[in-house]
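Listed below are the residues making up each chain.
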Amino acid sequence: MMQRSSIATFFLYCGVALFLVVTLAPVAWLGVMSISLPSDLTTKPLSLIPHQVDFSRYARLLTFEANSPGEAFLMALRNSLLSSLGATALSLLVAVPAGWAFSRYRNRGVSVVLYSILATYMTPAVALILPLYFLLSMLGLLNNVVGLIIVYCSILTPFTAWFIKSSFDAVPGELESAAAIDGASTLQTLWWVTLPYARAGVATAALFAILLAWDEFFYALLFTSNQNAKTLTVTIADFAAGRATDFGLVSAAGLLTALPPVLIAFILQKSLVAGLTAGSVKG
C-alpha cells in the first residue's frame, strides 16, 4: 500500500507539474517577449533569455499621449471595464430572479422557457449579427459602449441564469417556507434568506460573466470602429495589424490585459471554489 501510494503521489505531482508548464509557459514567453529588444526577437537562433531588459513598452502603454499606443490602450481598458462590468451587473439583475423562479417553480411551461433560454445561448454568434446590427443602428448605439453592454447581455444572461439556478437548487426550500410563515414577502425572502446561502454561486457566475465579456472579440470587432468603444481585444489586434508589428508591444499589452481578470479571480477565489462545488451536496 505504501509503495502504491508513493507511485500514485509521484504521478500526481508529475501531472501537476506538466499542467503548470503547459499553462504558464505561454505566459512566461509573453513576459520574455515584452521585455526583449527587437533585435532579440528577430535573431536566429531565437534567444530565450533577453540580452538586455527593456520595460519601455509598458511605459508606452501606460502613458496617455495623443495618437499613441498608450492612448489607444488606456481608452480600450476603460471600454473593456465598462462593458464587462456593466453587462455583468445587468445580467445578474435579470438572472438572479430568473434563476430563482426556474429553481422554485418546476413545471412543463417553465422547463420549456428554461431550455429556450439555453437554445439562445447555443445559437452561433454569426446568426445574430444582422439582427443585433440593425437593432443597434436603430437605437444609435453602434460604436458605443452602451451598445456593447446590450449585446453582451445576450451572451451572459442565459449563462448566468443557468448557473445561478443550480446554486438555488442547493438551498433548502424549507428556509423560504419558514420565512414566509414569519411574514416575509417573496422579494424579502429572496434577498435576506436565499441569496446569502447562494452568494458563492452568484459570485462565481459573476466572475465567469466578467471573463466572457472581457475576452469577447467578435462582436466588439464588428460593432466598434474607433477608440470611443473599442475594447482591449480589438485594440491588441490593431497593434498586430501593421506591416511592421512590434511583437514586444503586443506581448506587453496581452499581459496587462490579463491582469484585471487575474486580480478579480484572486479576490473571489474562495467564492469560486465554493460556487463550483455548490449543489454537489444539498443541505
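Bear in mind that the values here come from a model prediction, so they are computed numbers and not experimental data. Counting restarts for each chain: residues are numbered from 1 in the order of the written sequence. It should be noted that, the model being predicted, local features are given only for residues of pLDDT at least 70 and side-chain atom pairs only at 80 or more, the latter also being counted only at that level, while totals for whole chains, interfaces and linings use all residues. Side-chain descriptors were evaluated using all non-hydrogen atoms of the structure, hydrogens and water having been removed beforehand.

What follows covers the overall build of the protein chain. Counting from the N terminus, the helices are the DSSP runs of H or I reaching at least four residues and the strands are the DSSP runs of E reaching at least two. Scanning the protein chain for helices and strands turns up 13 helices and zero strands. Mapped in sequence order, the helices and strands of the protein chain form the string α-α-α-α-α-α-α-α-α-α-α-α-α. Here the protein chain, with 283 residues, has 38% of them falling under the buried criterion. In what follows, a contact means two residues having at least one pair of non-hydrogen atoms within 4.5 Å. Look at the contacts in the protein chain between residues 6 or more apart in sequence, and 72% of them connect residues 24 or more apart. In these tables, accessible area is a Shrake-Rupley quantity obtained with a 1.4 Å probe, and a residue counts as shielded only by the protein chains included in the view. Surface accessibility of the protein chain: about 16500 Å² in total, with carbon and sulfur atoms responsible for 71%. Charge assignment: positive for Lys and Arg, negative for Asp and Glu; neither His nor the chain ends contribute. Here the site of a charge means NZ on Lys, CZ on Arg, CG on Asp, or CD on Glu. For the protein chain, the distance from the average site of its 14 positive side-chain charges to the average site of its 12 negative ones is 8 Å. A simple rule labels every residue: compare its accessible area, found with a 1.4 Å probe on the protein chains alone, to the largest value its type can have, and call it buried under 20%, exposed over 50%, or partly exposed in between.

The next subject is the packing of aromatic side chains. Each Phe, Tyr or Trp ring, with Trp reduced to its six-membered ring, pairs with another whose centre is within 6.5 Å; inter-plane angles below 30 degrees give stacked pairs, above 60 give edge-to-face pairs, and intermediate values give tilted ones. In the structure shown here, the tally under the stated rule is 10 aromatic pairs. Taken together, a centroid distance of 5.9 Å and an interplanar angle of 80° make the contact between Trp100 and Tyr105 edge-to-face. A ring pair is formed by Tyr133 and Phe134, whose centres lie 6.3 Å apart and whose planes are at 80°; its orientation type is edge-to-face. Among the residues examined, Tyr133 registers a relative accessible area of 37% and is labelled partly exposed. Through pairs of rings, three or more aromatic residues link up here, namely Tyr133, Phe134, Phe218, Tyr219 and Phe223.

Take the buried residues of types Ala, Val, Leu, Ile, Met, Phe, Trp, Tyr and Cys, join any two whose side-chain atoms come within 4.5 Å, and each joined set is a nonpolar core. Counting residues in each nonpolar core, the largest one holds 18 residues, and the members touching the most others are Ala87, Val151, Tyr152, Tyr219 and Phe223. It is helix α7 (residues 145-169) that contributes the most residues to this core, seven residues altogether. For Tyr152, the contacting residues outside a window of four places in its chain are Ser83, Ala87, Ala213, Glu216, Tyr219, Ala220 and Thr231.

Our focus in this paragraph is the packing of helix α9 (residues 186-215) against helix α12 (residues 247-267). Contact pair α9 / α12: the axes reach a minimum separation of 10 Å and the direction vectors enclose 175°. Put simply, α9 runs roughly antiparallel to α12. From α9, Leu207, Ile210, Leu211 and Trp214 reach across to α12, where they touch Thr257, Pro260, Pro261, Ile264 and Ala265. Residues belonging to the contact of α9 with α12 are distributed by class as follows: eight nonpolar, one polar and no charged. Convention adopted: a line fitted to C-alpha atoms gives each axis, helices being fitted over their contacting stretch, and angles between N-to-C directions are expressed from 0 to 180 degrees. Should an angle lie under 35 degrees it is considered roughly parallel, over 145 roughly antiparallel, and from 65 to 115 roughly perpendicular; all remaining angles are considered oblique. In this count, Pro and Cys sit with the nonpolar residues alongside Ala, Val, Leu, Ile, Met, Phe, Trp and Tyr, while Asp, Glu, Lys and Arg are called charged and the others, Gly among them, polar.

Next up on the list: the packing of helix α11 (residues 232-239) against α12. Interhelical geometry of α11 versus α12 gives an angle of 170° and a closest axis separation of 9 Å. In terms of axis orientation, α11 runs roughly antiparallel to α12. The residues of α12 that touch α11, namely those facing Leu232, Ile236 and Phe239, are Val250, Ala253, Gly254 and Thr257. Its residues assigned to classes, the contact of α11 with α12 shows five nonpolar, two polar and no charged.

What follows concerns the environment of Leu48. Assignment of secondary structure puts Leu48 in the loop between α2 (38-42) and α3 (56-61). The spacing of Leu48 and Gly248 is 200 residues in sequence and 13 Å in space, taken between C-alpha atoms. Apart from residues lying up to four places away in sequence, Leu48 is in contact with Trp29 and Val32.

A separate point is the side chain of Ser84. In this structure, Ser84 sits in helix α4 (residues 69-104). Under the relative-accessibility criterion, Ser84 is labelled buried at 1%. Polar contact is defined as a pair of N or O atoms within 3.5 Å, subject to the rule that within protein one atom must be able to donate a hydrogen and the other to accept it, and that residues adjacent in sequence are counted only when both atoms are side-chain atoms. Only 3.4 Å separates the side chain of Ser84 from the backbone oxygen of Leu81, close enough to count as a polar contact. Among residues more than four places away in sequence, those in contact with Ser84 are Ile210, Ala213 and Trp214.

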